[in-house]
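These are the residues of each chain, in order.
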Protein chains: 2
Amino acid sequence: MKHLGYIGMGIMGRPMALNLLKAGYKVTVWNRTKAKADDVLAAGAGWADSPADVAQQCEAVCVNVTDTPDVASIIFGKQGIVEGNPGDTAGMVVIDHSTISPAATRDFAKRLHAYDIDMLDAPVSGGDVGAQAGTLSIMVGGEAETFERCLPIFQAVGKSITHVGPGGAGQACKACNQVLCALNLLGACEAMALAKSQELDLAKMIEVTSAGAGGSWQLANLGPKIAAGDLAPGFMVDLLLKDLEIVRAAGRDGQLAMLGTDTATNLFRAASNAGLGSEGTQALSAIIARLSDTKSGDD
Amino acid sequence: MKHLGYIGMGIMGRPMALNLLKAGYKVTVWNRTKAKADDVLAAGAGWADSPADVAQQCEAVCVNVTDTPDVASIIFGKQGIVEGNPGDTAGMVVIDHSTISPAATRDFAKRLHAYDIDMLDAPVSGGDVGAQAGTLSIMVGGEAETFERCLPIFQAVGKSITHVGPGGAGQACKACNQVLCALNLLGACEAMALAKSQELDLAKMIEVTSAGAGGSWQLANLGPKIAAGDLAPGFMVDLLLKDLEIVRAAGRDGQLAMLGTDTATNLFRAASNAGLGSEGTQALSAIIARLSDTKSGDD
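(A) View of the overall build of chain A. Scanning chain A for helices and strands turns up 14 helices and 9 strands. For chain A, whose C-alpha radius of gyration is 20 Å, the value lies close to the compact-globule estimate of 19 Å for 299 residues. Seen along its three principal axes, the alpha-carbon backbone of chain A occupies a region of about 65 × 45 × 35 Å. Split into buried and exposed, the 299 residues of chain A put 59% on the buried side. In chain A, the share of contacts with a sequence separation of at least 24, taken over all contacts with a separation of at least 6, comes to 64%. For chain A, the exposed surface amounts to about 11,300 Å²; the carbon and sulfur share of it is 50%. Between the centroid of the 23 positive side chains of chain A and the centroid of its 32 negative side chains there is a distance of 2 Å.

Shown next, in the form of structure tokens:
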């Protein structure tokens, strides 16, 4: 495949489209707000007037938008990917890099199949830094044959690329990842609050516990930011909150009792309600400080 | 220091005393139940009739028992370390390897000071495997000079040894470590339950998420055991529960709102109530499965 579409010129989509251009692909983009595509267009991408227009020109269309209804609308809505001449899109692949519902993804893949369109769900992890550096982790669900065909595309934007299972498995794996991120971060925040109240040297606590059974990526990477009161994202509270609602819907589907995830979600909700939605997820520490009798994190 | 005492011949104390003997120390032991000291006595240790008797013979006394009242009784109780001739114990060091209350530890250290006895709180992490291999992590609170004087003792039983601050800081750091262990494990258990309900390949989910922002020691080490339904300890539910009650008391002292720690504690309590107290901490997964509509973990 030489000619790719890219729909969604957000904080992730823009640098990923630029990396596809750098890798030698012809790229045609569409975004609700055209101005956000300016630098990608300047770097050599073409513009299409709608998702349908993108689909008619391209062999594969990457989608990178916020939530489940956005993906539904881009694929099945007015001027969406499947609209127009089905003959022009048959054999095409939709690669969804968004983080959305696993159940809806399985439904989308099934409905696309009726149009002879293959779908891969391919949510990413690694943030805007990873998107810019082309070092994203990509967890892919879908047919093995389709995955192999699209592997060079993934290799142009990511580093650790894993085919985790059939359609929806990528999103399910991402949902698991977000459970882990949320609870490991909650643990890091409560441990940091306890360390502060005990007047511990925070850097030493992080160093000692990171080396053993208490270690996590969240503690090692966000612990020092919490200690410094640095709330800059990284990954925003409101986006994690959106992902956690996807997790909770999937948990409901499986009739799971996810008491930890629910507790973390409520605390991230409180952070968002307190005006911290656009801060990094480590802003959870400020909420724990506010609920506690401590000035830490609230200075 | 050449002649050490060791009080507490439990799952941790026995292999640690053996490693001190191997390192060339003269070791005198006491335990409530003498039979548990048999292999240590066979390896060359001497027997004393009480903690007071140990203290009168030794330059430093290591203590490794279960909870705060046990340590209090061994130091300040009848036939305890400070009882008898204070002249015989002056200049001595009490090294407490137990995991107990940081606040009580600060009080013990202060009271011992009046007897010219120094105290180091030196809780360990790494389990019975680490105790046997001499690879424990040791987080030490107390005077820097006393720490330096006792460092060779720590090097005979541990690998990563850190002086984290004044008296009580070692216990405070261990409390933070247990918060991290409990919440990272809760995250791993809920992610595993979600993965099962989504029919994901569990090994792949662990592999993919461990490499990124969702990674933790708990997931990497206990995730595969959860997947295999292997509940063997490792570290027992009832011991973590004891540590979490120490954490909660410290949190109460600091007027902290530890919602995540409370949720995890309640679930570990449920595991203990369900008869899983002597299983490994990963038995938390069985409780989440029981609360959920899934047969997983309960097969």
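This is not the end of the story, as more comes after the structure.
(B) Local environment of the packing of aromatic side chains. Using the criterion set out here, one finds 4 aromatic pairs over all chains in the structure. Relative to Phe154(A), the ring of Phe147(A) has its centre 6.1 Å away and its plane inclined at 25°; by these criteria the two rings are stacked. Each member of the pair, Phe147(A) together with Phe154(A), is buried. Geometrically, the ring pair formed by Phe76(B) and Phe108(B) is tilted, given 5.6 Å between the ring centres and 55° between the ring planes.

(C) Representation of the side chain of Thr68(B) in the model. As for its position among the elements, Thr68(B) is in helix H4 (residues 68–76). Apart from the residues lying within four places of it in its own chain, the contact partners of Thr68(B) are Ile100(B), Ser101(B), Ala104(B) and Phe108(B).

(D) Region of the structure containing unusual backbone geometry. Here Pro233(A) and Gly234(A) are connected by a cis peptide whose omega angle stands at 15°. With respect to the helices and strands, Gly234(A) occurs in the loop between helix H11 (217–228) and helix H12 (237–253). In this model, Asp116(A) sits at a positive phi of 60°, which is unusual for a non-glycine residue. Judged by its relative accessible area of 53%, Asp116(A) is exposed. Although it is not a glycine, Glu199(B) sits at a positive phi angle of roughly 55°. Mapped onto the elements of the fold, Glu199(B) is located in the loop between helix H9 (169–197) and helix H10 (202–210). On the basis of relative accessible area, Glu199(B) is assigned to the exposed category, the value being 72%.

(E) Representation of the interface of chain B and chain A in the model. Each partner contributes to the interface: chain B provides 59 residues, whereas chain A provides 59 residues. Note on chain B versus chain A: buried area summed over both sides is about 4,900 Å², and carbon and sulfur give 66% of it. Inspection of the region where chain B meets chain A yields 0 salt bridges. Taken together, the links from chain B to chain A amount to 19 residue pairs in polar contact (both at pLDDT 80 or more).

(F) The arrangement of helix H14 (residues 284–291) of chain A in detail. All names here are of chain A. Most of H14 sits out of view: 6 of its 8 residues are buried. Of all the positions in H14, only Leu284, Ser285, Ala286, Ile287, Ile288 and Ala289 are classed as buried. On its buried face, H14 sits against helix H9 (169–197), H11 and helix H13 (259–276).

(G) Quick look at the environment of Arg14(B). Residues and elements named next belong to chain B. Summarising the element assignment, Arg14 is placed in helix H1 (residues 13–22). Arg14 sits in the partly exposed class, given a relative accessible area of 26%. The spatial distance from the C-alpha of Arg14 to the C-alpha of Lys36 is 8.2 Å, given a sequence separation of 22 residues.

(H) Expanded view of the relation of the copies chain B and chain A. When chain B is fitted onto chain A, the two copies agree to an RMSD of 0.0 Å after a turn of 180° and an axial shift of 0.0 Å. Read as a symmetry element, the transformation amounts to a two-fold axis. The position closest to the rotation axis in chain B is occupied by the C-alpha of Ser216(B), lying 2.0 Å away. Both copies share a contact surface, since 100% of the interface residues of chain B are interface residues in chain A too.

What counts and what doesn't
Residues numbered from 1 in each chain as written. Chains lettered and ligands numbered in written order. Predicted model: local features only at pLDDT ≥ 70, side-chain atom pairs only at ≥ 80, totals over all residues. Heavy atoms only, no water. Helix = DSSP H or I, 4+ residues; strand = E, 2+ residues; numbered from the N terminus. Rg over C-alpha atoms; globule rule 2.2 N^0.38 Å. Buried < 20%, exposed > 50% of the residue type's maximum accessible area, 1.4 Å probe, protein only. Contact = heavy atoms within 4.5 Å. Areas by Shrake-Rupley, 256 points an atom, 1.4 Å probe, with all protein chains shown as cover. Lys, Arg positive; Asp, Glu negative; His and termini not counted. Charge placed at Lys NZ, Arg CZ, Asp CG, Glu CD. Phe/Tyr/Trp six-rings, centres within 6.5 Å; stacked < 30°, edge-to-face > 60°. Buried area = accessible area lost by both parts, 1.4 Å probe. Salt bridge = Lys/Arg side-chain N within 4 Å of Asp/Glu carboxyl O. Polar contact = N/O pair within 3.5 Å; in protein donor to acceptor, adjacent residues only side chain to side chain. Least-squares fit on C-alpha atoms with pLDDT ≥ 70 in both.

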